[in-house]
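Residue-level structural notes
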There are 2 protein chains.
Amino acid sequence: MAPGSTRPTSRDVAQVAGVSQAAVSLVLGGKWRGRVSETTAERVREAARELGYRPNLAARNLRLGRTRTVLLVVPALTTEFFAGVYTGAARVAAEHGFGVVLYPSPEGVGPAKDPFHSAQAALDGVIASSMAPEALSAIRGDQLPLVMLDSDPRGSLGAATVNLDIADGLRQVAEHLLALGHRRFLHLAAGIPSWTFDTRARSLATHLAQAPGTSLGSTRAPISIEDALTATESALAAPGPRPTAIVCDDDLLAAGAYKAARRLGLRIPDDLSITGVDDLALATAIDPELTTVRLDAELFGERGMQALLAVLEGRTPAQDAIPVELVVRGSTAPPGP
Amino acid sequence: MAPGSTRPTSRDVAQVAGVSQAAVSLVLGGKWRGRVSETTAERVREAARELGYRPNLAARNLRLGRTRTVLLVVPALTTEFFAGVYTGAARVAAEHGFGVVLYPSPEGVGPAKDPFHSAQAALDGVIASSMAPEALSAIRGDQLPLVMLDSDPRGSLGAATVNLDIADGLRQVAEHLLALGHRRFLHLAAGIPSWTFDTRARSLATHLAQAPGTSLGSTRAPISIEDALTATESALAAPGPRPTAIVCDDDLLAAGAYKAARRLGLRIPDDLSITGVDDLALATAIDPELTTVRLDAELFGERGMQALLAVLEGRTPAQDAIPVELVVRGSTAPPGP
DNA sequence: CGGGGGAGGTTGTACGTATAACGTCGTCCG
DNA sequence: CGGACGACGTTATACGTACAACCTCCCCCG
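Residues numbered from 1 in each chain as written. Chains lettered and ligands numbered in written order. Predicted model: local features only at pLDDT ≥ 70, side-chain atom pairs only at ≥ 80, totals over all residues. Heavy atoms only, no water.

A count of helical and extended segments in chain A gives 12 helices and 11 strands. Computed over its C-alpha atoms, the radius of gyration of chain A comes to 26 Å, more than 25% above the 20 Å expected for a compact globule of 337 residues. Each principal axis of the C-alpha atoms in chain A carries an extent, and together these give about 90 × 40 × 35 Å. Across chain A, every contact between residues at least 6 apart in sequence was considered, and the portion connecting residues at least 24 apart equals 71%. Surface exposure of chain A reaches about 14,900 Å², of which carbon and sulfur atoms provide 51%. (Helix = DSSP H or I, 4+ residues; strand = E, 2+ residues; numbered from the N terminus. Rg over C-alpha atoms; globule rule 2.2 N^0.38 Å. Contact = heavy atoms within 4.5 Å. Areas by Shrake-Rupley, 256 points an atom, 1.4 Å probe, with all protein chains shown as cover.)

Listed below in structure tokens is the structure:
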């Protein structure tokens, strides 16, 4: 390629192949059957190859009025959970000729007033997880097709929602611990107001209350091991009989609870049973391995993308909740005497 | 907004404000000083607000010939390391009016022949981490400005590189363990051919060889806890004297080594010292806490973005390596008798 | 009183693509 | 032998924006 040259356009390809720009567009767009002869088509393809032609996406997007690109907004990438969601969404997207752009919703990155400053890409739609209401309404104002993940079906301004059946997950936790004989519980909750965590708290309380003589305390911490450690330590230091089981909203919180237990000289599961949610790699790295609710992140992403495709095509997306599964490991056992 | 209406354009805004489309572009683009009166400008802004006008990015990108968007290619999002890289890169980018699009380099997602199928966004440049050579040359062929992270400065086809001083990190590990009195070592290496892992192996071997009477075995595993567990278990089952210290390329591998040690009844650090690299949250979640090489992921991302901005502006990016720091915790101690 | 110049706009155009609408042959059939 | 039709293309246009170039007052100065 000549130095100082700019990127070749379809017109350059046309000139080299000795045809019109329109012919190039037809051939490279795959719509040339019955319009351009096979020999000419091959000459065009050869010219494109020779010049290293790549279509200008900005021009294509402008012309077509769509980008076949969607945005996936996630709250954080500090665990592998949302990596799985992305993988699932990207797979389904690719099958339909779409691309997925990932946007870790910033606390500190990007101006709050414009959630898309960091995603200048022109978009066809948005899949949003754990999104603050004001950002949500900004998107709605943009008239962008929107699917919400793990969000209140009634509070989403009419946007489609795709949810994990997390209420059933905490039902399974509650019944598992009750069956083991536990009666005094502590709920280590994520200190974030959000539909999914509210639902976890409500479901846990409801199902524990179905057994007689149960007590349920509660404390909350930001989702980090250190914060969970201090929150658990002070909760366990409170007067009165100690809980025999701690139900955590998240595996990271559970890891913090492990550290608190160690620091207080409590053995798991003999003195204290602990459960989490997510089934991260971390869950089998700690000792004993963690009993936790496994979430199928990839399926979650797939369903999110399928729902968005449905919206884009004017169909009504499926609304059934995604099942979750309790994985029993070494961190839960009958309470000591 | 009327039903069935399409998105408002700058022309619509112009009509409502009673001015020409050019005036709208000037006002909203902030280049109206001395060209449009303040009263008219305010009328334009008011009209834009009223219509909910958002500029069409595809059109803007086409017109300007640039997108102010760069792609960050990462190998995986299964740990928080690359989340930190993104955060740093996005912060620097935002300061310069750029956006960053994240692309988890697929194994399974997206066709290999086009690494950008999933990132249809038009791009101004690329920051790539751990990229396969063929994908690299595809980008180079596109004439896209490119910065490579943690890549061989001599093998990057002239692309700029930004590297962690990981050789120095492994030097610190070697000297720490030698000072504690260890002489028999096992290197648990990541089973991935890549500059950063090759460098780790070479640096470790070099610095251990400086003490007399040392031995260094080696085994490799994909970066996952389970794979590390099995690899370590069979390495430790080999005949001959057991190593007293295992140096792992990564904290996840170290977590697998922990499990192997537990399974074999070896106590850490009394029977076996273990070190990692990364300083993930996992490092302080396991018991005992892991001695590891802390990498400043955010700084890494910042430096990568700064280098790319330099390339985009025709400057020569800085080339100094980013320092790393050994964090000594409970997983290393003098070898038992 | 002529005209230079600045304030406050407008007109026109190009970015690169996809596609609708329109030729122009040669062939084959009635 | 006329014309309809298929094969093979081409011409023209629009997408929405940014900006260069131009225009038109009106004020002010020599």
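For the rest of this paragraph, the subject is the protein's contact with DNA strand D. In the vicinity of DNA strand D lie 26 residues, with Ser 20 and Arg 35 of chain A together with Ser 10, Tyr 53 and Arg 63 of chain B positioned nearest. At a separation of 2.8 Å, a phosphate oxygen of DNA strand D approaches a polar backbone atom of Ser 37 of chain A. Within the backbone of Asn 56 of chain B, one N or O atom sits 3.3 Å away from a phosphate oxygen of DNA strand D. Listed by contribution, the elements that provide at least two residues to the surface near DNA strand D are helix H2 (21-28) and helix H4 (57-64) of chain A together with helix H1 (10-17), helix H2 (21-28) and helix H4 (57-64) of chain B. It is H4 of chain B that contributes the most residues to the surface near DNA strand D, four residues altogether. Taken together, the residues of the surface near DNA strand D break down into 10 nonpolar, nine polar and seven charged. (Near = heavy atom within 4 Å. Polar contact = N/O pair within 3.5 Å; in protein donor to acceptor, adjacent residues only side chain to side chain. Nonpolar A, V, L, I, M, F, W, Y, C, P; charged D, E, K, R; others polar.)

Around DNA strand C, 25 residues are found, and the nearest of them are Ser 10, Tyr 53 and Arg 63 of chain A together with Ser 37 and Thr 40 of chain B. Taking all atoms of DNA strand C within 4 Å of the protein, the share assigned to sugar and phosphate is 57%. Here a base nitrogen of DNA strand C and a side-chain polar atom of Arg 35 of chain A are 3.2 Å apart. Contacts to DNA strand C include Arg 35 of chain B, whose side-chain N or O atom sits 2.8 Å from a base oxygen. Secondary-structure elements contributing two or more residues to the surface near DNA strand C are helix H1 (10-17), H2 and H4 of chain A together with H2 and H4 of chain B. Of the residues belonging to the surface near DNA strand C, the class tally is 10 nonpolar, eight polar and seven charged.

Turning to the environment of Gln 143 of chain A, a few remarks are in order. Relative to the helices and strands, Gln 143 of chain A resides in the loop between helix H6 (133-141) and strand E4 (146-149). Classification of Gln 143 of chain A by relative accessible area gives exposed; the value is 53%. (Buried < 20%, exposed > 50% of the residue type's maximum accessible area, 1.4 Å probe, protein only.)

A few words now on the packing of aromatic side chains. Residues and elements named next belong to chain A. A full pass over the atoms with the stated rule returns four aromatic pairs over all chains. Where Phe 81 meets Phe 82, the ring centres are 5.0 Å apart and the plane angle is 85°; that geometry is what we call edge-to-face. Relative to Phe 300, the ring of Phe 81 lies with its centre 6.3 Å away and its plane at 40°, an arrangement referred to as tilted. Placement of the pair is Phe 81 in helix H5 (residues 81-95) and Phe 300 in helix H12 (residues 297-312), with a sequence separation of 219 residues. We classify Phe 300 as buried; its relative accessible area is 0%. Pairwise contacts between aromatic rings join Phe 81, Phe 82 and Phe 300 into one cluster. (Phe/Tyr/Trp six-rings, centres within 6.5 Å; stacked < 30°, edge-to-face > 60°.)

Before going further, it helps to examine the relation of the copies chain A and chain B. Each of the two copies of the chain can be brought onto the other by a rotation about an axis and a shift along it. When chain A is brought onto chain B, the operation consists of a screw motion whose angular component is 180° and whose axial shift is 0.0 Å, with 0.1 Å RMSD remaining. Expressed as an axis order, the relation between the two copies is that of a two-fold axis. A high fraction, 100%, of the interface residues of chain A reappear at the interface in chain B, so the copies pair face to face through one surface. (Least-squares fit on C-alpha atoms with pLDDT ≥ 70 in both.)

We now examine the nonpolar core. Counting residues in hydrophobic clusters, the biggest one holds 114 residues, and the most contacted among them are Met 305 of chain A together with Met 305 of chain B. When near neighbours in sequence (up to four residues on either side) are disregarded, Met 305 of chain A contacts Val 70, Ala 89, Val 92, Ala 93, Phe 98, Val 100 and Ile 127 of chain A. One finds Ala 221, Tyr 258, Leu 266 and Ala 283 of chain A within the second-largest nonpolar core, a separate group that totals 56 residues. (Core = buried A, V, L, I, M, F, W, Y, C linked by side-chain atoms within 4.5 Å.)

In this section: the interface of chain A and chain B. Between chain A and chain B, the contact holds 49 residues from the first and 50 residues from the second. Across the chain A to chain B interface the summed buried area is about 4,100 Å²; carbon plus sulfur atoms make up 61%. Taken together, the connections running from chain A to chain B amount to four salt bridges. Salt-bridge contacts for Glu 289 of chain B lead to Lys 259 of chain A; the nearest nitrogen and oxygen are separated by 2.9 Å. (Buried area = accessible area lost by both parts, 1.4 Å probe. Salt bridge = Lys/Arg side-chain N within 4 Å of Asp/Glu carboxyl O.)

Let's shift gears to the domain arrangement of chain A. All names here are of chain A. Domain boundaries assigned for chain A yield domain 1 (10-55), domain 2 (69-163 + 298-312) and domain 3 (166-296). Contacts between the two partners involve 11 residues from domain 2, matched on the other side by eight residues from domain 3. Overall, the association of domain 2 and domain 3 removes approximately 810 Å² of surface from exposure, summing both partners, and the carbon and sulfur fraction of that is 62%. The largest share of the area that domain 2 buries against domain 3 comes from Glu 80, Phe 81 and Asp 150, three residues that together contribute 49% of it. Taken together, the connections running from domain 2 to domain 3 amount to zero salt bridges. In this assembly, domain 2 and domain 3 are joined by four residue pairs in polar contact (both at pLDDT 80 or more). The class makeup of the residues in the side of domain 2 that touches domain 3 is four nonpolar, three polar and four charged. (Domains from an automatic or database assignment.)

We now examine the sheet that holds strand E6 (residues 184-190) of chain A. Residue and element names in this part refer to chain A. What the six strands build is an open sheet, ordered E7-E6-E8-E9-E10-E11; its pairing is mixed. What marks the edges here is a single partner per strand, and that holds for strand E7 (215-221) and strand E11 (325-327). On average, each strand axis in the sheet is inclined to that of its neighbour by 20°, with strand direction left out of account. As defined by bridge partners, E6 adjoins strand E8 (residues 245-248) across four bridges and the pair is classed as parallel. (Pairing = 2+ DSSP bridges. Axes fitted to C-alpha atoms, helices over the stretch in contact; angles between N-to-C directions.)

Bringing helix H7 (residues 166-180) of chain A into the picture now. Compared with the 21 Å implied by 1.5 Å per residue over 15 residues, the 21 Å span of H7 of chain A between its first and last C-alpha is a close match. For H7 of chain A, the complete set of buried residues consists of Ile 166, Gly 169, Leu 170, Gln 172, Val 173, Ala 174, His 176, Leu 177 and Leu 178 of chain A. (Expected span 1.5 Å × (residues − 1).)

All names here are of chain B. Here six strands make up an open sheet; going across it, the order is E7-E6-E8-E9-E10-E11 and the pairing mixed. Since the sheet does not close on itself, it has two edges, and those belong to strand E7 (215-221) and strand E11 (325-327), each with one partner. Neighbour-to-neighbour, the strand axes of this sheet turn through a mean angle of 20°, independent of strand direction. The strands touched by helix H10 (residues 251-263) within the sheet are strand E6 (184-190), E7, strand E8 (245-248), strand E9 (273-278) and strand E10 (291-294), with E9 carrying the most contacts at an inclination of about 155°.

Residues and elements named next belong to chain B. Direction of pairing for E9 relative to E10: parallel, over a ladder of four bridges. Paired with Thr 275 across the bridge in E10 is Thr 291. In terms of strand pairing, E10 meets E11 through three bridges, oriented antiparallel. For Arg 294, the partnering residue across the bridge sits in E11 and is Glu 325.

Below, the discussion takes up the side chain of Thr 284 of chain B. With respect to the helices and strands, Thr 284 of chain B occurs in helix H11 (residues 282-285). Once residues within four sequence positions are removed from consideration, Thr 284 of chain B is found in contact with Glu 226 and Lys 259 of chain A together with Glu 289 and Arg 329 of chain B.

Residue and element names in this part refer to chain B. With their axes 7 Å apart at the nearest point, helix H9 (residues 225-236) and H10 run at an angle of 50° to one another. Of the possible angle classes, the one that applies to H9 and H10 is oblique. Here H9 runs over H10; the crossing is right-handed. Judged by residue contacts, Ile 225, Glu 226, Ala 228, Leu 229, Thr 232 and Glu 233 of H9 engage Leu 252, Leu 253, Ala 255, Gly 256, Ala 257, Lys 259, Ala 260 and Arg 263 from H10. Of the residues assigned to the contact of H9 with H10, the class counts are eight nonpolar, two polar and four charged. (Parallel < 35°, antiparallel > 145°, perpendicular 65-115°, else oblique. Left-handed = near helix turned anticlockwise from the far one by under 90°.)

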